[in-house]
Amino acid sequence: MTHITVKVDGTTYEDKVEPRLLLVHYLRDRLGLTGTPVGCDTSNCGACTVDLDGTSVKSCSVLAVQADGGEVTTVQGLAPDGELTRLQRAFHEGHALQCGYCTPGMIMAARDLLRENPHPTAEEVRLGLEGNLCRCTGYQNIVRAVLAASEQEVTA
Ligand code: FES
Ligand code: FES
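Cut-offs applied
- Residues numbered from 1 in each chain as written.
- Chains lettered and ligands numbered in written order.
- Predicted model: local features only at pLDDT ≥ 70, side-chain atom pairs only at ≥ 80, totals over all residues.
- Heavy atoms only, no water.
- Domains from an automatic or database assignment.
- Contact = heavy atoms within 4.5 Å.
- Buried area = accessible area lost by both parts, 1.4 Å probe.
- Buried < 20%, exposed > 50% of the residue type's maximum accessible area, 1.4 Å probe, protein only.
- Helix = DSSP H or I, 4+ residues; strand = E, 2+ residues; numbered from the N terminus.
- Arc of directions from axis to C-beta.
- Pairing = 2+ DSSP bridges.
- Axes fitted to C-alpha atoms, helices over the stretch in contact; angles between N-to-C directions.

A. Molecular detail of the domain arrangement of the protein chain. Each assigned domain of the protein chain is listed here: domain 1 (2–73) and domain 2 (86–150). Just the C-alpha atoms count here: the centres of domain 1 and domain 2 sit 21 Å apart. In this complex, domain 1 contributes 16 residues to the contact, which on the side of domain 2 involves 13 residues. Summed over both sides, the interface between domain 1 and domain 2 buries roughly 1000 Å², with carbon and sulfur atoms accounting for 49% of that surface.

B. Examining helix α5 (residues 139–149) more closely. Regarding α5, the residues found buried are Ile142, Val143, Ala145, Val146 and Ala149. Projection of α5 onto a plane perpendicular to its axis shows the buried side chains occupying an angular sector of 160 degrees, all on one side. As for α5, its buried residues are in contact with α2 (86–93), α3 (102–116) and α4 (122–128).

C. Molecular detail of the pairing of strand β3 (residues 49–52). Residue alternation in β3 divides its side chains into two sets, Thr49 and Asp51 and Val50 and Leu52, and both sets are buried. A loop of two residues connects β3 with strand β4 (residues 55–58), the two strands running antiparallel in sequence, and Asp53 in this loop sits at a positive phi of about 50 degrees. Note that β3 and strand β5 (residues 71–73) share two bridges and pair antiparallel. What sits directly across from Leu52, in β5, is Val72.

D. Region of the structure containing the environment of Gly46. Along the chain, the position of Gly46 falls in the loop between α1 (23–30) and β3. The class of Gly46 is buried, set by a relative accessible area of 2%. Linking Gly46 and Pro104, residues 58 residues apart in sequence, is a C-alpha distance of 9.0 Å. Apart from residues lying up to four places away in sequence, Gly46 is in contact with Lys58, Gly105, Gly131 and Asn132.

E. Structural view of the sheet that holds strand β2 (residues 11–17). Spatially, five strands are ordered β2-β1-β5-β3-β4 in an open sheet, and the strand pairing comes out mixed. Edge positions in the sheet fall to β2 and β4, since each has one partner strand and no second. With strand direction ignored, the average angle separating the axes of adjacent strands in the sheet is 40 degrees. Here α1 sits on the sheet in contact with β1 (2–8), β2, β3 and β5, set at roughly 105 degrees to β2.

F. Looking closely at unusual backbone geometry. A positive phi angle, near 50 degrees, is found at Asp9, a position not held by glycine. Tracing the sequence through the fold places Asp9 in the loop between β1 and β2. A residue is classified by how much of its surface remains accessible, and Asp9, at 25% relative accessible area, is partly exposed. Backbone geometry places Asp53, a non-glycine residue, at a positive phi of 50 degrees. One can find Asp53 in the loop between β3 and β4. Residue Asp53 is classed as exposed on the basis of its relative accessible area, which comes to 52%.

See the structure below:
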């Protein structure tokens, strides 16, 4: 077992974990943060996307020990006081979601995209989200929502 210290959604955790434990399983099974789903477990779908030290990562392709000393933000950490971020509101208002599988990953990947490129084109949004799959092909509204959120500066 390996000792790790990791900050998740603003709370610092000290834990002993097996070196093979995936970050997504640590978040879900150890910390109970089930807002980050497992959609495929083969790094294809993007459902498990979280922010690790300022970059979005697929948490099924990262070991928990790799987050040692780091800071993780999950979709559950975006609105700690209950007030949705602009990006979350844009998804809600633009009907950019139909299920709880792809949406957390879409939000986290889009958040990273807008941080790097605050005013993307539709094409850039599609490219930025190409690692995230929506099985019901709701991409049109997802792209529209990200564009809607990008009209103003996005900080979260
Ligand atoms: S569960 Fe991680 S990419 Fe699908
Ligand atoms: S809305 Fe989640 S898979 Fe399509």
